[in-house]
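Residue-level structural notes
Spelled out from the first residue to the last, the chains are:
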Amino acid sequence: MLQQKPPLQIYEDRLARGLASIINVLDPHAIVLGGGLSQLQRLYDNVSQRWQQYIFSDIFHTRLLPPRFGDSSGVRGAAWLWRD
């Protein structure tokens, strides 16, 4: 019987692959996660280690950061846009 990875490990790996594609194409200085899952510290610890195997360059400096204003930063930004 095959042992299946826990769902959060599968998510971390898929997120790492997706973000590595962005890093390979755009080479950003930082990537900021949003939404409720952005509160999970393990994403910042594990994803930035996992994406290294999917990035084509030997040297890159992209940082994975949490949102400055918490998981409701998108709502806050929408409110500011509505105000203007």
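Everything below is about the structure printed above this text.
Residues numbered from 1 in each chain as written. Predicted model: local features only at pLDDT ≥ 70, side-chain atom pairs only at ≥ 80, totals over all residues. Heavy atoms only, no water.

Structural notes on the packing of helix α1 (residues 7–26) against helix α2 (residues 41–50)
Just so we agree on the cut-off: Angles run from 0 to 180 degrees between N-to-C directions of axes, and those axes are lines fitted to C-alpha atoms, restricted for helices to the stretch in contact. Strands are runs of DSSP state E lasting at least 2 residues, helices are runs of H or I lasting at least 4, and numbering of each runs from the N terminus. To sort the angles, those under 35 degrees are grouped as roughly parallel, those over 145 as roughly antiparallel, those from 65 to 115 as roughly perpendicular, and the leftovers as oblique. Left-handed is the label given to a crossing in which the near helix is rotated counterclockwise from the far helix by less than a right angle, and right-handed is the label when the rotation is clockwise. Here, two residues are considered to be in contact whenever any of their heavy atoms come within 4.5 Å of each other. Residues are sorted three ways: Asp, Glu, Lys and Arg are charged, Ala, Val, Leu, Ile, Met, Phe, Trp, Tyr, Cys and Pro are nonpolar, and all the rest, Gly among them, are polar.
Interhelical geometry of α1 versus α2 gives an angle of 55 degrees and a closest axis separation of 9 Å. Classified by the interaxial angle, the pair formed by α1 and α2 is oblique. As for the relative orientation of α1 and α2, their crossing is right-handed in sense. For the pair α1 and α2, contact is made by Leu-8, Gln-9, Tyr-11, Glu-12, Asp-13, Leu-15, Ala-16 and Leu-19 and by Arg-42, Leu-43, Asn-46, Val-47 and Arg-50, respectively. Residue composition of the contact of α1 with α2, grouped by class: 7 nonpolar, 2 polar and 4 charged.

In short, the description is geometric, and any link to function would need to be established separately.
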